[in-house]
Amino acid sequence: MPGVSARDLSLEERRQLAVKLTRVLALYRSILDAYIIEFFTDNLWSTLPCSWQEALDRLNPPQLATLLLGLPGEGEVVRYRSVWPLTLLALKSTAYALAFTRTPGFQTPSEFLENPSQSSRLTPLFRKHVRPKKQHEIRRLGELVKKLSDLTGCTQVVDVGSGQSHGDRKFMSLGLGLLVKSIEGDQRLVERAQRLDQELLQALEKEKKRNPQVVHAGPRYPPHHVVRWVDPTALCEELLLPLEPAPQGGARLLLTGLHACGDLSVALLRHFSCCPEVAALASVGCCYMKLSDPGGYPLSHWVAGLPGYELPYRLREGACHALEEYAERLQKAGPGLRTHCYRAALETVIRCAHPELRRPGVQGIPRVHELKIEEYVQRGLQRVGLDPQLPLNLAALQAHQAQEHRVVAFFSLALLLAPLVETLILLDRLLYLQEQGFHAELLPLFSPELSPRNLVLVATKTPLGQAFSVLETENS
């Protein structure tokens, strides 16, 4: 997706971007605040300007991907089949112009061309137990952490919220030779990580005996695992303890977190800011809806002082949706697109039967695209504890199904705006660090088609200058 590069902006330009974002989000708040499952109960289509309704009502899913989300198919030229209202064109242009670019400085990874399940950039030993998305992420983040560690002279990496430690074990520790401490609050994940550590070490030893010239001969440090919840509001002493005696001048730590959920990414920022031992930070956040309110956002004085800075739960939840993935689904125009329409129709039946029951969670119903709408509604009623044999108004349900293209169009509008919310959250973090005199940049690290949350916040306490461009590059 096109957009603005955070690295190209001065401090004042970043502040003015925050001003523009708060104004735009306030202008389109009604779209962002809406729940797509309330499309029929709240008559969301009628909340759009009539000229927008007319323009969008004529579009099929591939046209929505091309004309609204701006992702034309290969060799396709964007051509509008009707005259769009200037306000809708302005929305599209604004969404592109103000969002941070999610396009990495390298071409779409060629690592999966030969086999979509196996990265050609990782040996089989480092791919085991890891899905393609995670293979791409741990390689890219591991390489960046290694470069950043070398540039800042860090002696230890601390991975917070490490899960099963695929990144620690498979690349940063045993692949790149970094000294890594993994902190994870779930005892079960840590125990599995330790078992996988031993499995990989044994496999590496066998491979070294078979092919000593191929296996990396440098030092290998299995990650040191710590079971500990990191409190976002307090410093974690365990996080700062060195694994080895500190060299002259003291330990220098690099904090990292791959998709640190909610307040965990905020905890990393606070530890970086408050602890002299922490020299560098590389954090990829996610699950913005889980940020504490207040406490998790806003962090910077600048954003907190802007009118309309507030980001309610619904806006932060929408910022976690995968725009690129949905645009690809639109291009394919598969039957799976009807899920939102079916769920919105179910909501009308639920509220008719129990008006006090609003937006109940419906566990995934398998193979929705193969069901008739009344079959979906019956299964959905059962999932929320209601009688699946409730009498249904089939004519009303079929009328809802006939508006499936409108449901898809409205959801696409919300997705178009979602990157602006993520941009404001991440911009607030950049400004928070800069207000304290630190050096912070935001880099597109992963391919967005593989990993939707692909922006990494990199921070140091000493200037790196042009070295940030080295962190962006894709190794050959």
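Residues numbered from 1 in each chain as written. Predicted model: local features only at pLDDT ≥ 70, side-chain atom pairs only at ≥ 80, totals over all residues. Heavy atoms only, no water.

Looking at an unreviewed UniProt entry, one finds the protein chain named Methyltransferase like 25B, with Loxodonta africana as its source organism.

Undergrad: What is the right way to read the pairing of strand 4 (residues 253-261) from this model?
TA: When a strand is regular, its side chains alternate between the sheet's two faces. Most of strand 4 sits out of view: eight of its nine residues are buried. Here four bridges tie strand 1 (residues 156-160) to strand 4, and the two strands are oriented parallel to one another. Bridge pairing in strand 4 places Asp-159 opposite Thr-256. In this sheet, strand 5 (residues 278-286) lies alongside strand 4 in parallel orientation, the contact comprising eight bridges. Along strand 5, the bridge assignment pairs Leu-254 with Ala-280. (Buried < 20%, exposed > 50% of the residue type's maximum accessible area, 1.4 Å probe, protein only. Helix = DSSP H or I, 4+ residues; strand = E, 2+ residues; numbered from the N terminus. Pairing = 2+ DSSP bridges.)

Undergrad: Please clarify how the packing of aromatic side chains should be interpreted in this entry.
TA: The geometry of an aromatic ring pair is captured by two quantities: the separation of the ring centres and the angle between the planes. Scanning the model with the defined rule gives six aromatic pairs in all. Note on Phe-39 and Phe-40: the rings are 5.2 Å apart at their centroids and 90 degrees apart in plane angle, and the pair reads as edge-to-face. Judged by its relative accessible area of 14%, Phe-40 falls in the buried class. With a centroid separation of 4.9 Å and 70 degrees between ring planes, the pair formed by Tyr-326 and Phe-411 is classed as edge-to-face. Separated by 85 residues along the polypeptide, Tyr-326 in helix 14 (residues 323-332) and Phe-411 in helix 18 (residues 404-435) bring together distant segments of the chain. Exposure remark for Phe-411: the relative accessible area of 9% places this residue in the buried category. (Phe/Tyr/Trp six-rings, centres within 6.5 Å; stacked < 30°, edge-to-face > 60°.)

Undergrad: What should I look at first to understand the nonpolar core in this one?
TA: Nonpolar side chains in soluble globular proteins tend to end up buried together. Within the largest apolar cluster, 114 residues are counted, with the highest numbers of intra-cluster contacts made by Leu-56 and Phe-100. Examining the composition of this core, we find that 20 residues originate from one element, helix 18, more than from any other. Discounting chain neighbours no more than four positions away, the residues touching Phe-100 are Val-4, Ala-6, Leu-9, Leu-17, Thr-423, Leu-426, Leu-427, Leu-430, Leu-442 and Leu-455. Listed in part, the 23 residues of the second largest apolar core include Leu-141, Leu-178, Leu-443 and Leu-464. (Core = buried A, V, L, I, M, F, W, Y, C linked by side-chain atoms within 4.5 Å. Contact = heavy atoms within 4.5 Å.)

Undergrad: Hey, could you run me through the pairing of strand 7 (residues 455-460) in this one?
TA: Counting buried residues in strand 7 gives six out of six residues, a clear majority hidden from the surface. The two faces of strand 7 match: Leu-455, Leu-457 and Ala-459 on one face and Val-456, Val-458 and Thr-460 on the other face are all buried. In terms of strand pairing, strand 5 meets strand 7 through four bridges, oriented antiparallel. Residue pairing for strand 7: Ser-283 is matched across the bridge by Leu-457. The sheet contact formed by strand 6 (residues 439-444) and strand 7 spans six bridges and is antiparallel. By the bridge assignment, Glu-441 is partnered in strand 7 with Val-458.

Undergrad: How do you make sense of the environment of His-271 when you look at a structure like this?
TA: With respect to the helices and strands, the residue His-271 is situated in helix 11 (residues 263-274). According to the relative accessible area criterion, His-271 is buried, its value standing at 1%. Once the C-alpha coordinates of His-271 and Cys-236 are considered, the two residues, 35 residues apart in sequence, prove to be 8.1 Å apart. With near-sequence residues (within four places) excluded, His-271 lies in contact with Val-230, Ala-234, Leu-235, Cys-236, Leu-239, Leu-255 and Val-278. A distance of 2.9 Å separates a polar atom in the side chain of His-271 from the backbone oxygen of Ala-267. (Polar contact = N/O pair within 3.5 Å; in protein donor to acceptor, adjacent residues only side chain to side chain.)

Undergrad: I'm lost on the side chain of Asp-428 in this one. Help?
TA: Within the secondary structure, Asp-428 is located in helix 18. Buried within the structure, Asp-428 lacks any salt-bridge partner; its nearest side chain of opposite charge belongs to Arg-429, at an N-O separation of 5.8 Å. Among the polar contacts listed, one links the side chain of Asp-428 to the backbone nitrogen of Leu-299, at a separation of 2.7 Å. When residues no more than four places from it in sequence are discounted, the contact partners of Asp-428 are Tyr-297, Pro-298, Leu-299, Ser-300 and Val-303. (Lys, Arg positive; Asp, Glu negative; His and termini not counted. Salt bridge = Lys/Arg side-chain N within 4 Å of Asp/Glu carboxyl O.)

Undergrad: What should I look at first to understand the environment of Asp-293 in this one?
TA: Note on placement: Asp-293 falls in the loop between strand 5 and helix 12 (301-304). Asp-293 gets classed as exposed once you look at its relative accessible area, which sits at 57%.

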